[in-house]
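# Analysis of the macromolecular model
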Amino acid sequence: QSPRRREYRPSRFVLSAAGHTKRTGGEMSAMASASGINAFVGFRPTNDVKRASRVRASVARRVANPIVAVATPTGKKSANEGEKNWSKVEYIKENSDFLRHPLIEQLATEDTFISEDAAQLYKFHGGYQQDDREKRAFGAGKFYQFMMRTKQPAGTVPNKLYLTMDDLADSHGNGTLRLTTRQTYQLHGILKTDLKATFQAVIKNMGSTLGACGDINRNVMASPAPYAKNFKPEYFIAQDLAKDLGDLLAPQSGAYYDVWLDGEQVLTVEKPEVVAARNDNRFGTNFEGSPEPIYGTQFLPRKFKIGITVPGDNHIDFLTNDIGICVVMKNGEHVGYNVYAGGGMGRSHRNNDTFPRLASELGFVGVDDILYAVKAIACAQRDYGRRDDRKQSRLKYLIHSWGVEKFKAVTEQYMGKAFQPLADLPPFTMPTYHGWNEQGDGKLWYGVHVVNGRLRGDAKKALRAVIERYELPVRLTANQDLLLTDIDPAWKADIVATLSAAGVQDASEIDPLDQISIACPALPLCGLAITEAERGLPDINKRLRDVMNKVGLPGDEQFLIRMTGCPNGCARPYQAELGFVGDGPGSYQIWMGGTSNLLKLAEPYADKVKEKDIETFFEPIFYAFKTGKNADERFGDWANRVGFKSIKDAQESYKGLPAAALAAAAPAPAAPATAAAATPAGRLPRVMIEREAFEVLKAYAEANNTTLTEAATAAILKLKQ
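Rules used in this analysis
Residues numbered from 1 in each chain as written. Predicted model: local features only at pLDDT ≥ 70, side-chain atom pairs only at ≥ 80, totals over all residues. Heavy atoms only, no water. Phe/Tyr/Trp six-rings, centres within 6.5 Å; stacked < 30°, edge-to-face > 60°. Helix = DSSP H or I, 4+ residues; strand = E, 2+ residues; numbered from the N terminus. Buried < 20%, exposed > 50% of the residue type's maximum accessible area, 1.4 Å probe, protein only. Lys NZ or Arg CZ within 6 Å of the ring centre and 35° of its normal. Core = buried A, V, L, I, M, F, W, Y, C linked by side-chain atoms within 4.5 Å. Contact = heavy atoms within 4.5 Å. Axes fitted to C-alpha atoms, helices over the stretch in contact; angles between N-to-C directions. Parallel < 35°, antiparallel > 145°, perpendicular 65-115°, else oblique. Left-handed = near helix turned anticlockwise from the far one by under 90°.

Our next topic: the packing of aromatic side chains. The description of two aromatic rings rests on the distance between their centres and on the angle between their planes. Inspection of every chain in the model, using the stated rule, returns 34 aromatic pairs. Here the aromatic rings of phenylalanine 635 and tryptophan 638 are separated by 5.7 Å at their centres, their planes lie at 40 degrees, and the arrangement is tilted. Here tryptophan 638 and phenylalanine 635 lie together in helix α19 (residues 635–642), a separation of 3 residues that amounts to about one turn. Judged on exposure class, the residue phenylalanine 635 and its partner tryptophan 638 are both buried. Feature note: the residues Phe559, Phe580, Tyr588, Tyr605, Phe617, Phe618, Phe622, Phe625, Phe635, Trp638 and Phe644 constitute an aromatic cluster, connected by ring pairs. Residue placement shows lysine 232 over the ring face of tyrosine 227; its charged tip is 4.3 Å from the ring centre. The ring of tyrosine 605 has lysine 648 sitting right over it, with the charged end atom 3.9 Å from the ring centre.

A word on the nonpolar core. As a rule of thumb, soluble globular proteins bury nonpolar side chains together. In terms of nonpolar packing, the biggest core is built from 110 residues, with Ile308 and Leu484 touching the most fellow members. For this core, the element with the highest residue contribution is helix α11 (residues 370–384), accounting for 10 residues. Residues in contact with leucine 484, not counting those within four places in the same chain, are Leu444, Trp445, Tyr446, Val448, Leu463, Val466, Ile467, Leu472, Pro473, Val474, Ile495 and Leu499. In terms of nonpolar packing, the next biggest core, distinct from the first, is built from 41 residues, Val547, Met563, Val609 and Ala624 among them.

Between helix α17 (residues 537–551) and helix α18 (residues 614–628), whose axes approach to 9 Å, the crossing angle comes to 45 degrees. One element, α17, and the other, α18, form an angle in the oblique class. The two elements α17 and α18 cross, and the hand of that crossing is right-handed. Two secondary-structure elements touch here, α17 through Arg543, Leu544, Val547, Met548, Lys550 and Val551 and α18 through Ile614, Glu615, Phe618, Glu619, Phe622, Tyr623 and Lys626.

In structure tokens:
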């Protein structure tokens, strides 16, 4: 069968009568009409001679026509027939010369900021322009600075890059390193004058930021456990595929090096099979002659995320990705992959057309087909995802609109092969990878819990010391933690002593709620944040534990808590057993009912729950859970079993703890109060302090890797001395 080629054309979109884009030239083929697909997108191998003949004829008629986006709705019409109905970002991409302009020009100005158009392009290069709301001076406007995000497939970080990032945090950032929920670094507080030097340092020390943000394939996640290849090979396979898929879908135009290295090229090494898959155009996936053979001028309609896991291990929330992949093993041999598509967390408050979604089953592919399957899914989203409304541009909305079977049929046409039925998999759990573990090659790894992913103060210095001393590579986890890898057992005692001296606690010493909770950065830097998340969750966890103790739940009771400062879902709160989603200043929407294996979405339970009312809101819920749960039943499973109506009824009828329960929950006589144990069970009146005192308190908390509450408590208790 003849291949259908796409020729590169700088402006390749036109508007249809329905107000959306369609391919230029030619009419829809008979095959497309018969299949219900908006436009012809390739073909599947078939034994039907007549049908195959029609396909070849259709291909011949379209050999010079580019593939374009065909949005899913058909009811709207453009205000002016024939105009492109794009969002503003689509025009910025179209006119950017593949992400170069006006970013290059804006970086050269003396302003402390870059223009909005340049800021959109900066996302593709790996970051966001931000405004520190707490550093604004009166009458001086926004306090501009920049965030840079790296790409670390499977969270793998070479020793040299870790040391570079640690240095940059102090020399060009705000003194902290942020570990993200997608296994990458974020460096905050970079000034515009330092941007180029920061990017150059990362690029020249085994790192990259290209595609960490923007309408493009983001960092490819994978289960990060550093098991030896011959011990648990499925982990190595997943991690290796993460790198390959990152290479496959990486931008190719060279704009990244033009912007940050003034055109100097950096040698990169790709597998021949990755290059072959990218260049393959047997089924009309590529733009021939374009600097971007897969992306063209418009790249993808929206962000695109991929996660790869192994049987039984759902540490990375793999179904929350645009593409979720699970390695399939049979009798110890690697036979292929299960593929899922259409996951995503982002939504908007008061907009029911936006929603979180878990990926749907597409099917099984063999070992040699996975690169082509992923490319086909990305190309289907590229050509059919909406470009008029960015709130509807993710792959999940295309699949929701079309249905899984139609999307699967289109993807198979791009792939040139049908998906097979999914392979059976064992039950999933969510491992944390904390503590000391054997890699299977005679070496150890140590999983360090990092509170909401923020490395600072003495903990940051101590980790730097052991990583540099023993030249350790590290892994970043999806729970914002850090794995120190390739540790000789002889080094263990020194590593434990060094970290303990800096106050780094072993995960076994940390409250079970804190061990697995995560939060996004939110205030003061994220422009989308409505309220606190990273800074607020530690104190809220402590208050929740106090309530749990009060109603008689055991001290080791654990459930998954996640918090975001807005509804975009960066910390995946819609998968939590208990999710906090910012919906106003000091206010959260509460989601409940996610499960510990991360295979079920939570559901919205209540809106506008004030931070100051946490105790009174959750006490009746936790009491109902304590008195009504089955043995070993977790909070999320209980909420699903009894239902929200039953829980709300329990809240409304709650009259306080019975006398017997109060007596049982009464604490034993306390030892003299310490800074770590001085958090009161109830909420006390707020106390205002002067700005100067607050800045001192904040600096102390950051330097000592502690919370504002703990720092303030310690300072006040010293008054008793």
